[in-house]
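Topology and contacts: notes
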Number of protein chains: 2
Amino acid sequence: IEEYGQAQVSYNLTNYKITPLHVLFEETCKEAERLGARVTGSELVGLIPLAAMLETGRYFLEKQGKSPGVPEDELIHIAVKSLGLNELSKFEPQKKIIEYQFQEKHGKLAKLPLHKFADELSLDSPTPGGGSTAALAGTLGAALCAMVANLTYGNKKYPDVWEEMKNLACQAQQLKDKLLQLIEQDSEAFNKVMAAFRLPQKTKEEQEAKAKAIEQATKEATLVPLEVMEVSLQAMELAKIAAEGGNVNAISDVGVGTFMDYAAVEGAFLNVKINLPGIQDEKFKADTLAKAEKLVAQARGLKEEIQALVYQKISNKEK
Amino acid sequence: IEEYGQAQVSYNLTNYKITPLHVLFEETCKEAERLGARVTGSELVGLIPLAAMLETGRYFLEKQGKSPGVPEDELIHIAVKSLGLNELSKFEPQKKIIEYQFQEKHGKLAKLPLHKFADELSLDSPTPGGGSTAALAGTLGAALCAMVANLTYGNKKYPDVWEEMKNLACQAQQLKDKLLQLIEQDSEAFNKVMAAFRLPQKTKEEQEAKAKAIEQATKEATLVPLEVMEVSLQAMELAKIAAEGGNVNAISDVGVGTFMDYAAVEGAFLNVKINLPGIQDEKFKADTLAKAEKLVAQARGLKEEIQALVYQKISNKEK
């Protein structure tokens, strides 16, 4: 392109799973170098799937010896910087990433500042309430687990567990994002129950429709905290790995994370239990209660295990 | 004032503790009514202490039969609306309230959206970490306690405990705000320890100054989580009152709040313990550990007590 005194290489990328963005970019860099030139930047025409950007971000972080188990925003930032996507025109994730076109990345509650969320919680409005708070506790527990894994990965004292901690950080990020969504889902499910109770019930048809709507909404309001229990328990399982092999200087963070996950499971369990009596479907009730009781028992055991491990490691530090 | 076709009454208020704002306003309204006129609004010239605004907000909420145990922002909003402070010119709390001139109401972390706080937590940067998370857990526990008290106050099923729940909500709001500040303080204390470790140590004077700075900073980094323990335990004591007499429909929220407070105490305890070995002052270490162990033991007992009460009330609902 004479105007810029630069050469341009164009590709039509049809499947990023076959040709990942970073492979394409690195090959272009190599080829340019062979010709004595340098790649100064790149531009994306059209839209790109989120997963392609995340994969690229992880690739470049690992190439720099850094943990790829970082938040989505950070992965996108790294991908943009590494590919030089801002060099020719500004890369705006909101406009360029397919998934961001269809739905807002974060819900209303997740976007509230901490102080505002606490204020909203303290008011007598029904949402947000304990259910969303339990999901938030799980979010924080998973985040702390990712933090400890990231503080271990790349640390020269722990080369044997780098690979394990890298995976741990990536998994914990996923659980964190899932639980962040559940904060929203719990409040939405609760609002649906309230809406069902406000339906008219003058005619027989209306009464039947209302009963059905209440049943359906109450089931959903039970399944959301059940999922919070499941995902928070998974976060505890990751915390156990972090307690066993993670950076001992961050052992108190593993401990706090475990207590947060534990509070999430116990808190969500209460939300399952309080909703069950409102459901007619006896099989659903029995199945859900059995699942929830199993999860809470596992969480209690795991909490004791990790707590003992954390105390032991803190005592060793004292010596 | 001919221009507006209105009369104006001016006061010089020197001590709001002797003449509260709302008394002055209500007396003016009465006097106006006696003369066949109506107070259309008011204007504040100069600055006002925060406490005067909060007191006014609480007064008008109670007058409307609503709980005064709401967040600071809401109290100010009610005071402004009730006094008609926006009628003549816009009342901007940031410019009119004395305390808001000297310091920002919320710290950097408290202003982060939930998703951003979780992202920051998950990175390998040292702050925010487990200490701030423990304080956040306590914040949420206190907020849930306020919520349950507010859901009980004014509810026709619980007239006997209205007074108690009103006080409970107000106290829980205070604990919530205190813990919100401790989120910030914990990260600041940790950063000071890091800064002390980075001090130069070439000369003997430098070495001594550095050792002193580390000792001082580590003590502070121990006292902050100790305070998180104390305040979160107070929140648990309030949760017990809410579990005993509060709205039974919100019993799961009391339970979640208790687990959050409990996680806060246990989590902060780990932060006390991990900092102690870095301190030289043996008396300080022994005293602090003794205090912390007492607090954690109390929290464990209280958690069991409240948990049993919550389960019992949920079972009663099932029948």
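Residues numbered from 1 in each chain as written. Chains lettered and ligands numbered in written order. Predicted model: local features only at pLDDT ≥ 70, side-chain atom pairs only at ≥ 80, totals over all residues. Heavy atoms only, no water.

1. Structural notes on the overall build of chain A
For clarity, the threshold we go by: Numbering of helices and strands starts at the N terminus; helices are DSSP runs of H or I of at least 4 residues and strands are runs of E of at least 2. A 1.4 Å probe rolled over the protein chains alone gives each residue an accessible area, and that area as a share of the maximum for its type sets the label: buried under 20%, exposed over 50%, partly exposed in between. Throughout, a residue-residue contact means that at least one pair of heavy atoms, one from each residue, lies within 4.5 Å. The Shrake-Rupley method, run with a 1.4 Å probe, gives the accessible areas here. Residue values count only the displayed protein chains as cover.
The helix and strand tally for chain A stands at eleven helices and zero strands. When the elements of chain A are put in sequence order from the N terminus, they spell out α-α-α-α-α-α-α-α-α-α-α. When each of the 319 residues of chain A is scored for burial, the buried share is 51%. Residue pairs in contact within chain A that sit at least 24 positions apart in sequence constitute 73% of those at least 6 positions apart. Here chain A has roughly 15700 Å² of accessible surface; of this, 52% comes from carbon and sulfur atoms.

2. As for the nonpolar core
Test applied: Nonpolar cores are built from buried Ala, Val, Leu, Ile, Met, Phe, Trp, Tyr and Cys residues. Side-chain atoms within 4.5 Å join them into one set.
If you look at the biggest cluster of nonpolar residues, it comprises 153 residues, and the most contacted ones within it are Phe117 and Met229 of chain A together with Phe117 and Met229 of chain B. In this structure, Tyr16, Leu50, Ala52 and Ala79 of chain B belong to the second largest nonpolar core, which totals 23 residues.

3. Section: the relation of the copies chain A and chain B
What counts here: Each copy is superposed on the other by least squares, with the fit set by C-alpha atoms of residues at a pLDDT of at least 70 in both.
Superposing chain A onto chain B takes a rotation of 180° combined with a translation of 0.0 Å along the rotation axis, leaving an RMSD of 0.0 Å. Taken together, the turn and the small shift mark the pair as related by a two-fold rotation axis. Minimal C-alpha distance to the rotation axis in chain A is attained by proline 113 of chain A, lying at 1.9 Å. Most of the interface of chain A is mirrored in chain B, where 100% of its interface residues are also at the interface.

4. Digging into the interface of chain A and chain B
Our working rule: Accessible area that two parts lose when put together, with a 1.4 Å probe and added across both, is what the buried area reports. Should a side-chain nitrogen of Lys or Arg be within 4 Å of a carboxyl oxygen of Asp or Glu, the pair is scored as a salt bridge. Under the rule applied, a polar contact is a pair of N or O atoms within 3.5 Å (in protein, one hydrogen donor and one hydrogen acceptor; residues adjacent in sequence only if both atoms are side-chain atoms). Classes in brief: Ala, Val, Leu, Ile, Met, Phe, Trp, Tyr, Cys and Pro nonpolar; Asp, Glu, Lys and Arg charged; the others, Gly included, polar.
Listed as interface residues are 65 residues of chain A and, on the opposing side, 65 residues of chain B. Contact between chain A and chain B buries roughly 5300 Å² in total, counting both sides, with carbon and sulfur atoms accounting for 72%. In terms of surface lost to chain B, no three residues of chain A exceed Leu114, His115 and Leu270 of chain A, which account for 14% of the buried area on that side. At the surface where chain A touches chain B, the tally comes to two salt bridges. As a salt-bridge pair, aspartate 119 of chain B and lysine 176 of chain A come within 2.5 Å of each other at their nearest N and O atoms. Put simply, chain A and chain B have 22 residue pairs in polar contact (both at pLDDT 80 or more) between them. At the level of elements, helix H6 (114-122), helix H7 (130-152), helix H8 (162-197), helix H10 (251-275) and helix H11 (282-318) of chain A are the ones that each hand at least two residues to the side of chain A that touches chain B. Among the elements that line the side of chain A that touches chain B, the one with the most residues is H10 of chain A, at 16 residues. Looking at the side of chain A that touches chain B residue by residue, the class counts come to 37 nonpolar, 16 polar and twelve charged.

5. As for unusual backbone geometry
The step from threonine 127 of chain A to proline 128 of chain A runs through a cis peptide bond, and the omega angle for that step is -5°. Its place among the elements puts proline 128 of chain A in the loop between H6 and H7.

6. Observations concerning the domain arrangement of chain A
Residues and elements named next belong to chain A. Convention followed: For the purposes of this description, domain bounds are those given by an automatic or database domain assignment.
Split into domains, chain A comes out as domain 1 (2-102) and domain 2 (114-318). Measuring from the centre of the C-alpha atoms in domain 1 to the corresponding centre in domain 2 gives 35 Å. Taken residue by residue, the interface counts ten residues in domain 1 and eight residues in domain 2. Together domain 1 and domain 2 conceal approximately 670 Å² of surface at their shared face, both sides included; 50% is due to carbon and sulfur atoms. When residues of domain 1 are sorted by the area they lose upon contact with domain 2, Glu62, Ser67 and Gly69 head the list and together hold 53% of the total. For glutamate 62, the salt bridge is made with lysine 166, and the minimal N-O distance between the two is 2.9 Å. Residue composition of the side of domain 1 that touches domain 2, by class: three nonpolar, three polar and four charged.

7. A closer look at the environment of aspartate 160 of chain B
Here aspartate 160 of chain B is to be found in the loop between helix H7 (130-152) and helix H8 (162-197). Between the C-alpha atoms of aspartate 160 of chain B and glycine 245 of chain B, which are 85 residues apart in sequence, the distance is 9.1 Å.

8. Describing the packing of aromatic side chains
To be explicit about the condition: Two rings from Phe, Tyr or Trp (for Trp, the six-membered ring) form a pair when their centres sit within 6.5 Å of each other. Planes less than 30 degrees apart are called stacked, planes more than 60 degrees apart edge-to-face, and all others tilted.
Under the defined criterion, the tally for this structure stands at eleven aromatic pairs over all chains. Measuring from ring centre to ring centre gives 6.0 Å for phenylalanine 259 of chain A and tyrosine 262 of chain B, while their planes differ by 85°; the resulting arrangement is edge-to-face. Highlighted residues: phenylalanine 259 of chain A in helix H10 and tyrosine 262 of chain B in helix H10 (residues 251-275), drawn from two different chains. Residues phenylalanine 259 of chain A and tyrosine 262 of chain B agree in their burial class; the two are buried.

9. Comments concerning the pattern of salt bridges
Summed over all chains, the structure comprises 42 salt bridges over all chains. The shortest N-O distance in the salt bridge between lysine 105 of chain B and aspartate 73 of chain B comes to 2.2 Å. Residue lysine 105 of chain B is located in the loop between helix H5 (98-102) and helix H6 (114-122), and its partner aspartate 73 of chain B is located in helix H3 (residues 72-83); the two are separated by 32 residues in the primary sequence. Note on lysine 105 of chain B: relative accessible area 25%, which makes it partly exposed. Lysine 283 of chain B is paired through a salt bridge with aspartate 287 of chain B; the nearest N and O atoms lie 2.6 Å apart. With lysine 283 of chain B and aspartate 287 of chain B both in helix H11 (residues 282-318), this residue pair falls four residues apart, about one helical turn. Lysine 283 of chain B sits in the exposed class, given a relative accessible area of 59%. Residues participating in the shared-partner salt-bridge network are Glu62, Glu163 and Lys166 of chain A.

10. Focus: the packing of helix H1 (residues 21-34) of chain A against helix H2 (residues 50-63) of chain A
Residue and element names in this part refer to chain A. Counted only if it meets this: Every axis corresponds to a line fitted to the C-alpha atoms, with the helix fit spanning only the stretch in contact, and the corresponding angles, defined between N-to-C directions, vary from 0 to 180 degrees. Orientation categories follow fixed angle ranges, with anything under 35 degrees roughly parallel, anything over 145 roughly antiparallel, 65 to 115 roughly perpendicular, and all other angles oblique.
Look at H1 against H2: their axes get within 8 Å of each other, and the N-to-C directions meet at 55°. When the interaxial angle is binned, H1 and H2 end up oblique. Mapping the contact onto sequence places Leu21, His22, Phe25 and Glu26 in H1 and Met53, Glu55, Thr56, Tyr59, Phe60 and Lys63 in H2. In terms of residue class, the contact of H1 with H2 is built from five nonpolar, two polar and three charged.

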